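# Residue-level structural notes
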Amino acid sequence: MADTAALENSKKIQTLRTSPASLLWAAFEAGSVAGAVELREVPFLTMAGIRVDPGGDAGKRLGKRTGGLPAASGEVRSIGDTAALWLGPAEFLLVAPAESHDSLGGEIPRALTDALGDAEGQVVDLSANRTTLELSGPRARAVLEKGCALDLHPRVFTAGTALSTEIGGIPAILWKTAEETYRIFPRASFAEFLGRWLLDAMREFASTEVP
Amino acid sequence: MLLIPCPNCGPRDETEFHYGGQAHVPYPENPADLTDREWAEYLFYRDNTKGAFAERWQHSTGCRQWFNMLRDTVTYDIQAVYPMGQLRPATGTTAPTVTSPVSPEGAVK
């Protein structure tokens, strides 16, 4: 990024952005139950949709950032904070921190577009397509199980797995980042609905358990 | 709720899938030569099989890939899942015969 003035201007504009679930931030804080289940939004993560044959040369070039592209359903490949999620046999979602976006001085998705070059495939900036809700705590699985038909038992759904599925009746990607932490990617227009749905599902854990 | 075995993602709920109708309906080789009746039959006429039925499905909230499935329309038993473009596999099993024909409302005919 040679044009520092443009970058400064772009950073200034970023401060005016509002994330899809920002109107629920106070509710997330009030609805979180420390030691049981907590919910927050991780706004503005950089995301890029990649469609490429993972076995080809272009696939290998695009996989460099994440240690290769994932090969099967559920697989996530990552290096540091940058991860590639499997969405389909030739479709992947690259997730990186907000600062990695080229409008903030990073190099995604520009570097990916360059890596693809003239080869068959596609790289699309999807940063504004989805938002990220982070659900964590020992009861996070119990909350998700109210509206997700996947087998979420840790024996089956291990940390470092991401699946595209339905949560609370809406399509979303569910990524288990740690043993008790889940990242949920709903589309921006579903963020408020899913946020409220999760808050409702979390409510019982705020009360003392009835034996 | 059907539990459909997606060839890419494994068994998932039916609500994650999109139904694509009867499989193996070839596009006419020379559509211009068809009479109106033949064209209408290609567009709108489909089998209404009682028993094993080959149909197309798409895993719309998962891997977004299309596949073919052989499903029994009486028992809902999924007999085979096979890729698009492949010929319909032979089925050893046929739909069990219903001894007393009963209408959907439950009245015996």
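For the structure, check the block above.
In this report, we go over the structure that sits alongside the text. Computed from a predicted model, the values in this text were never measured in an experiment.

## A few points about the overall build of chain A
Broken down by element type, chain A carries six helices and 10 strands. For 211 residues, the compact-globule estimate of 2.2 N^0.38 gives 17 Å, and chain A sits close to it at 18 Å. Each principal axis of the C-alpha distribution contributes one length, and for chain A these read about 65 × 40 × 25 Å. When the 211 residues of chain A are sorted by exposure, 49% land in the buried category.

## Let's talk about the environment of L39(A)
Residues and elements named next belong to chain A. Relative to the assigned elements, L39 resides in strand β1 (residues 38-42). Exposure remark for L39: the relative accessible area of 4% places this residue in the buried category. Apart from the residues lying within four places of it in its own chain, the contact partners of L39 are F28, S32, L133, E134, L135, G195, L198, L199 and M202.

## Observations regarding the packing of aromatic side chains
All told, the structure shown has seven aromatic pairs over all chains when counted by the stated rule. Between F157(A) and Y182(A), the aromatic rings sit 6.3 Å apart at their centres with planes inclined by 10°, giving stacked as the arrangement. In this pair, F157(A) is assigned in the loop between α5 (140-144) and β8 (161-167) and Y182(A) in strand β10 (residues 181-186), connecting sequence segments 25 residues apart. We note that F157(A), like Y182(A), is buried. Measuring from centroid to centroid gives 6.0 Å for F17(B) and F67(B), while their planes differ by 90°, and the two rings are edge-to-face. Taken together, the positions of F17(B) in the loop between β2 (10-13) and β3 (18-22) and F67(B) in strand β5 (residues 66-72) put the pair 50 residues apart, joining distant regions of the chain. For the pair shown, F17(B) and F67(B) are each scored as buried. In textbook terms, an aromatic cluster arises when at least three aromatic residues are bridged by ring pairs, as seen for Y27(B), W39(B) and Y42(B).

## A closer look at the pattern of salt bridges
All names here are of chain A. This model, assessed by the stated rule, comprises 14 salt bridges over all chains. Here R40 and E134 are joined by a salt bridge, their closest N and O atoms 3.0 Å apart. Here the residue R40 occupies a position in strand β1, and E134 occupies one in strand β7 (residues 132-136), the gap between them amounting to 94 residues. Each of R40, E134 and R183 takes part in salt bridges that share partners, so that together they form one network.

## Here we look at unusual backbone geometry
The omega angle of the peptide bond from I108(A) to P109(A) is 5°, so this bond is cis rather than trans. Examined against the element boundaries, P109(A) turns out to sit in the loop between β5 (91-96) and α4 (110-116). Notably, H24(B) is not glycine yet its phi reads approximately 60°, a positive angle. Mapped onto the secondary structure, H24(B) falls in the loop between β3 and α1 (36-44).

## As for the interface of chain B and chain A
Contact with chain B, which involves 11 residues of that partner, is made by 14 residues of chain A. Sorting the residues of chain B by area buried against chain A places R12(B), T61(B) and R64(B) first, and these three jointly supply 45% of that buried surface. Across the chain B-chain A interface, the total number found is one salt bridge. A salt bridge links R64(B) to E91(A); the shortest N-O distance between them is 2.7 Å. The tally of links between chain B and chain A comes to five residue pairs in polar contact (both at pLDDT 80 or more). Residues belonging to the side of chain B that touches chain A are distributed by class as follows: two nonpolar, five polar and four charged.

What counts and how
Residues numbered from 1 in each chain as written. Chains lettered and ligands numbered in written order. Predicted model: local features only at pLDDT ≥ 70, side-chain atom pairs only at ≥ 80, totals over all residues. Heavy atoms only, no water. Helix = DSSP H or I, 4+ residues; strand = E, 2+ residues; numbered from the N terminus. Rg over C-alpha atoms; globule rule 2.2 N^0.38 Å. Buried < 20%, exposed > 50% of the residue type's maximum accessible area, 1.4 Å probe, protein only. Contact = heavy atoms within 4.5 Å. Phe/Tyr/Trp six-rings, centres within 6.5 Å; stacked < 30°, edge-to-face > 60°. Salt bridge = Lys/Arg side-chain N within 4 Å of Asp/Glu carboxyl O. Buried area = accessible area lost by both parts, 1.4 Å probe. Polar contact = N/O pair within 3.5 Å; in protein donor to acceptor, adjacent residues only side chain to side chain. Nonpolar A, V, L, I, M, F, W, Y, C, P; charged D, E, K, R; others polar.

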